[in-house]
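Topology and contacts: notes
Each chain is listed here by its residues.
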Amino acid sequence: MAEQSVAAPSSGRERGDEAGGPRRIGHWIAGAAAAGTSGLSGPVYDPATGVQTGAVDFASVEEVDRAVAAAKAAFSEWRALSLSRRAELMFRIREVVNAHREEIARILTAEHGKVLSDAMGEVARGLEVVEHACGIPTLLKGGFSEQASTGVDVYSIRQPLGVVAGITPFNFPAMVPMWMWAPALACGNCFVLKPSEKDPSASLYVAELLHEAGVPAGVFSVVNGDRVAVERLLEHPDVAAVSFVGSTPIARSIYEAGTRNGKRVQALGGAKNHMVVLPDADIDMAADAAVSAAYGSAGERCMAVSVVVAVGDVADPLVEAIRDRLPTVRVGPGLEPGSEMGPLITREHRDRVASYVERGREQGATVIADGRELDVPGEGFFVGVSLLDHVTPEMDCYRDEIFGPVLSVVRTGTYDEAVRLVNENPYGNGTAIFTRDGGAARQFQFEATAGMVGINVSIPVPVAYYSFGGWKASLFGDSHAYGPESVNFYTRGKVVTSRWPDPATSRIDLGFPQTR
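A brief structural summary. Note that the structure is a prediction, hence the values are computed from the model and not measured.

As a further point, take the packing of aromatic side chains. Taken as a whole and assessed by the stated rule, the structure comprises 10 aromatic pairs. Centroid distance Trp181 to Phe220: 6.0 Å. Interplanar angle 70 degrees. Geometry classified as edge-to-face. Remark: Phe220 occurs in strand S11 (residues 220-222) and Trp181 occurs in helix H6 (residues 175-186); sequence separation between them is 39 residues. Both residues of the pair, Trp181 and Phe220, count as buried. Three or more aromatic residues joined by ring pairs make a cluster, and in this case those are Trp179, Phe468 and Tyr482.

This is how it looks when you write it as C-alpha cells:
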C-alpha cells in the first residue's frame, strides 16, 4: 500500500543535526513537544528540489516507553469522560483541524511532494472520518433486552481497549493517521502514533492542533523513528492494539509480531488494482478515469489503478484515448500553480519506479509513453507518466506493486478472462469496471474478489460511514479501517445480566441457570 514505511535499522540512521543544518524534528509526548534523546535521526527531503530540509529524531525504546506510560496514565480519566463531552471534543477537533487545513496541506506538499490541491483533498477526506467519529454516542449504542428471564434484563456495551498504536505510511501523512486516531480517541482509547520517517511533520502539527482543541496530555502522542520504535510498540505489554498501513511484506510482519504478543492487529497491505473496461463502455469517460486514477498523487496511493484490462475490441481505441491525454498532464513542484502531479517521495523510489519501464520493454511490453523522458529542471525526484501496452501477467510491471505513475494495459478477449485476472491476483484491495451494462456490472461486483469495487468509479474509496479495506494479501487481520468496523476494532464487547429481586425471594439453587 506504501512502498515501505518501516526503515531497516541501518537505513538512513545518522547522528543529530549540527548547528545551521536541517531542521530538527522531534516527538510529541505527554502533551508537549519533545526533542529526541537517542542521538539517531533520519533525513527528510523536499522531493521537489531533492534538498534535505529536516532531520527526524528516531525514538529509543525508552522514549517509546515514555509515550506509552503517558497514555496509560491518561486512560482512566479519558475513558471516564462522558460520551456527550467526548463528542463535544471531537466536534472541536474537527473545527480546529479544518481551520488549519491549508497549513497541513502545505506541510504535506513540502515533505511528500504531492501537489497542493491533492494535499487539500487528503485533509478533507481525513476530516470526514473525524466527522463520523463525532457521532460516537450513536456509534457506541448497545442492545437491551428487558425481561430476558423473569425479573432479569440483559444488555450489551462496548468499552475501550486502553492504549492503542498506529503505524502509518508516507503516502497519506495526514489522512491515514486520522483513519486511526479519530475513531480510537472517540471510543475512549489513548493513541500513540508512529508516522513514516519520510514525512513526519504533519503528524506533529496535528498533535499541536489536538492539544489546542483540548485533548488532554497523554491521550495522543507521536513518536518518530524506525524499526526500533515499531518493534517496541509491537512488544510493549501496555499496548492493546496496533493499526498499520503499508506494504504487504511489512503488513504481514506487523500482524504476525503483534498477534504473537497478544495484541489485536489490523494491517492493511499492498495493492494491484485492476480497472476492467468492457466493449460497451464510454471510451472518453474510461480514458479520463484511467489517467486520473493511475497518475494522481504520482501513483503513490494504494487505490491507484495500475492495470487497465481492456476487453475485446475496446483495446485499441482505449489505449489511443489514454495516450492522447498524457501530454496534458502537467508535472511539476507541488506548490507551483498549474502542477497536477508532483515528484516521488525519494530519489531511490523514483529510480525503482523508472526501472519498470525498461524491464517492461525487455519483457515484451510496448512502451506507449516513457516517463523517464520527462525533463524537470533541478534535482527533484520527478518521473513522468508511463503507459505500457500488451502487458502480460508474467511481466514484472504486472506482478509487482510499483507505487508510481506507470499504467499497464492487459488485453483480454472476454469478460470471463478479465475477471479471472482480477481474482487470480494475490492482492485484493480494490477493482473497478466500466460498462453501460447493468447486468455485467452487477455480475462483476458479485464475482470480484476484492474488498472495494467501483462501477464506473475508478477509485472506490468508501465514504467515512463505511469501512476501508481489501481482501487476500491486501489485509492481515479481519478488521477494515474507519467506519463501523473501526468502532468494533477499538472497543471490546461486554454483556451484563442484571436482576433486582425482592430479598425475600432469594434462595440457593445449584442448578444450571434457566431463562424460562
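Enumeration according to the criterion identifies 26 salt bridges in this entry. Here Arg94 ties to Glu131 by a salt bridge, and the two come within 2.9 Å at their closest N and O atoms. Taken as a pair, Arg94 in helix H2 (residues 83-99) and Glu131 in helix H4 (residues 116-133) lie far apart in primary sequence, 37 residues in all. The partner of Arg411 in a salt bridge is Asp316, with the nearest N and O atoms 2.8 Å apart. On the criterion of sequence distance, the pair formed by Arg411 in strand S18 (residues 406-412) and Asp316 in helix H11 (residues 315-325) is long-range, its members being 95 residues apart. Look at the salt bridges and you will find they share partners, linking Glu358, Arg361, Asp370 and Arg372 into a network.

For the rest of this paragraph, the subject is a nonpolar patch on the surface. There is a patch of nonpolar side chains on the surface, built from Val463, Tyr465 and Tyr466 and spanning about 340 Å² of accessible area. Within the secondary structure, Tyr466 sits in the loop between strand S21 (452-455) and strand S22 (471-472). Under the relative-accessibility criterion, Tyr466 is labelled exposed at 54%.

What counts, and at which threshold
Residues numbered from 1 in each chain as written. Predicted model: local features only at pLDDT ≥ 70, side-chain atom pairs only at ≥ 80, totals over all residues. Heavy atoms only, no water. Phe/Tyr/Trp six-rings, centres within 6.5 Å; stacked < 30°, edge-to-face > 60°. Helix = DSSP H or I, 4+ residues; strand = E, 2+ residues; numbered from the N terminus. Buried < 20%, exposed > 50% of the residue type's maximum accessible area, 1.4 Å probe, protein only. Salt bridge = Lys/Arg side-chain N within 4 Å of Asp/Glu carboxyl O. Patch = residues over 30% accessible without salt bridge, like charges linked within 9 Å, V, L, I, M, F, W, Y side chains within 5 Å. Areas by Shrake-Rupley, 256 points an atom, 1.4 Å probe, with all protein chains shown as cover.

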